[in-house]
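Chain residues, written in single-letter form:
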Amino acid sequence: QVQLVESGGGLVQAGGSLRLSCVASGRTFSSYAMGWFRQAPGKEREFVAGISRGGGRTDATDSVKGRFTISRDNAKNTVYLQMNSLKPEDTAVYYCAALRTSLINIGYRGNEYDYWGQGTQVTVSS
């Protein structure tokens, strides 16, 4: 069992930055690829960014490439999402998720993931 707890959300003006953190319980964090997803009101949950177990491979959805960076620190059981140049359309609840998978895999679909956090609200004002 893995428990995920996100933090770092909040209200920020357009153009600003936030860093989300997600801390995982347990001693097997490095066995999981990690992903960030988001869900805006009235919209489906969407993949934002993912990172492989060792951090050597990352990917992000096109709308955030060049603005968001995913990283992880396996010694701290933590995955991060650095969000720069935020836009009002980035407003959503952001969730981290854990996927037990092979060393270089990244999951892009939410239904692949094994564990989810409770979410943290990000609101970007114009």
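Cut-offs used in this document
- Per chain, the residues get numbers from 1 upward, laid out in the order the sequence is written.
- The predicted origin of the model limits local features to residues at a pLDDT of at least 70 and limits the giving and counting of side-chain atom pairs to 80 or more, whereas totals for whole chains, interfaces and linings rest on all residues.
- Based on all heavy atoms of the structure, the side-chain values leave hydrogens and waters out of the count.
- Nine residue types can take part in a nonpolar core, namely buried Ala, Val, Leu, Ile, Met, Phe, Trp, Tyr and Cys, and a core is a set of them joined through side-chain atoms within 4.5 Å.
- Exposure is judged per residue with a 1.4 Å probe applied to protein chains only, and the accessible area is read against the type maximum: over 50% gives exposed, under 20% gives buried, and values in between give partly exposed.
- Helix and strand assignments follow DSSP, with helices taken as H or I runs no shorter than four residues and strands as E runs no shorter than two, numbered in order from the N terminus.
- DSSP bridges decide pairing: two strands pair if at least two such bridges lie between them.
- The angle between two axes is taken between their N-to-C directions and runs from 0 to 180 degrees, where each axis is a line fitted to C-alpha atoms and a helix contributes only its stretch in contact.
- Residue contacts follow a heavy-atom distance rule, with two residues in contact if any of their heavy atoms lie within 4.5 Å.
- Two aromatic rings, drawn from Phe, Tyr or Trp (for Trp, its six-membered ring), form a pair once their centres lie within 6.5 Å of each other, and the interplanar angle then sorts them: stacked below 30 degrees, edge-to-face above 60, tilted otherwise.
- Remark: a charge is flagged as sitting over a ring if the NZ atom of Lys or the CZ atom of Arg is within 6 Å of the ring centre and within 35 degrees of the ring normal.

Asks: Sorry if this is basic, but what is going on with the nonpolar core here?
Replies: Most often, soluble globular proteins have nonpolar side chains that are buried together. If you look at the biggest cluster of nonpolar residues, it comprises 30 residues, and the most contacted ones within it are Leu-4, Met-34, Trp-36, Leu-81, Met-83 and Tyr-94. Elements with a contribution of two residues or more to this core: strand 3 (18-24), strand 4 (32-39), strand 5 (46-51), strand 7 (68-73), strand 8 (78-83), strand 9 (92-100) and strand 11 (120-125). Counting residues in hydrophobic clusters, the runner-up holds seven residues, among them Ala-33, Phe-37, Phe-47 and Leu-99.

Asks: I would appreciate a short explanation of the sheet that holds strand 7 in the present structure.
Replies: Within a beta sheet, neighbouring strands are joined by backbone hydrogen bonds and run either parallel or antiparallel to one another. Ordered by their spatial adjacency, four strands build an open sheet running 1-3-8-7, and the pairing between neighbours is antiparallel. Each having just a single partner strand, strand 1 (4-7) and strand 7 make up the two edges of the open sheet. Direction aside, neighbouring strands of the sheet carry axes that sit 15 degrees apart on average. As paired elements, strand 7 and strand 8 share six bridges and run antiparallel to each other.

Asks: Which parts of the structure should I look at to understand the pairing of strand 1?
Replies: Within a regular strand, the side chains alternate between the two sheet faces. Only one face of strand 1 is covered, namely the one carrying Leu-4 and Glu-6; the face carrying Val-5 and Ser-7 has none of its residues buried. Bridge analysis of strand 1 against strand 3 gives four bridges, and the strand direction is antiparallel. Within the sheet, the bridge partner assigned to Val-5 lies in strand 3 and is Val-23.

Asks: Quick question: what am I supposed to make of the side chain of Ser-21 here?
Replies: Assignment of secondary structure puts Ser-21 in strand 3. If we ignore the near neighbours within four places in the chain, the residues touching Ser-21 are Val-5, Glu-6, Ser-7, Trp-36, Thr-78, Val-79 and Tyr-80.

Asks: Would you mind showing me how to read the pairing of strand 8 here?
Replies: Summarising burial for strand 8: five of the six residues are buried, a large majority. Taken together, the six bridges between strand 3 and strand 8 define a ladder with antiparallel strand orientation. Opposite Leu-18, over in strand 8, you have Met-83 as the bridge partner. Hairpin connection between strand 7 and strand 8: a loop of four residues separates the two successive antiparallel strands, and Asn-77 in this loop has a positive phi of roughly 55 degrees.

Asks: I tried to follow the environment of Ser-30 on my own but got confused; where do I start?
Replies: Following the sequence through the fold, Ser-30 ends up in the loop between strand 3 and strand 4. Judged by relative accessible area, which is 38%, Ser-30 ranks as partly exposed. Counting along the chain gives 45 residues from Ser-30 to Ala-75, while the straight-line C-alpha distance between them is 8.8 Å.

Asks: I would appreciate a short explanation of the environment of Asp-90 in the present structure.
Replies: Structurally, Asp-90 is set in the loop between strand 8 and strand 9. With 33 residues separating them along the chain, Asp-90 and Thr-123 place their C-alpha atoms 7.5 Å apart.

Asks: Where do I start with the packing of aromatic side chains in this structure?
Replies: One pair of aromatic rings is described through two measures. These are the centre distance and the angle between the planes. Scanning the model with the defined rule gives seven aromatic pairs in all. Seen in terms of ring centroids, Phe-37 and Phe-47 are 5.7 Å apart; in terms of plane orientation they differ by 75 degrees. Their pairing is edge-to-face. Of this pair, Phe-37 sits in strand 4 while Phe-47 sits in strand 5, and the two are 10 residues apart along the sequence. Relative accessible area serves as the criterion here: at 2%, Phe-37 is assigned to the buried category. When the centroid spacing of 5.0 Å and the interplanar angle of 55 degrees are considered together, the rings of Phe-37 and Trp-116 count as tilted. Residue Phe-37 is located in strand 4, and its partner Trp-116 is located in strand 10 (residues 115-116); the two are separated by 79 residues in the primary sequence. Above the face of the Phe-37 ring, Arg-45 is positioned so that its terminal group lies 5.9 Å from the ring centre.

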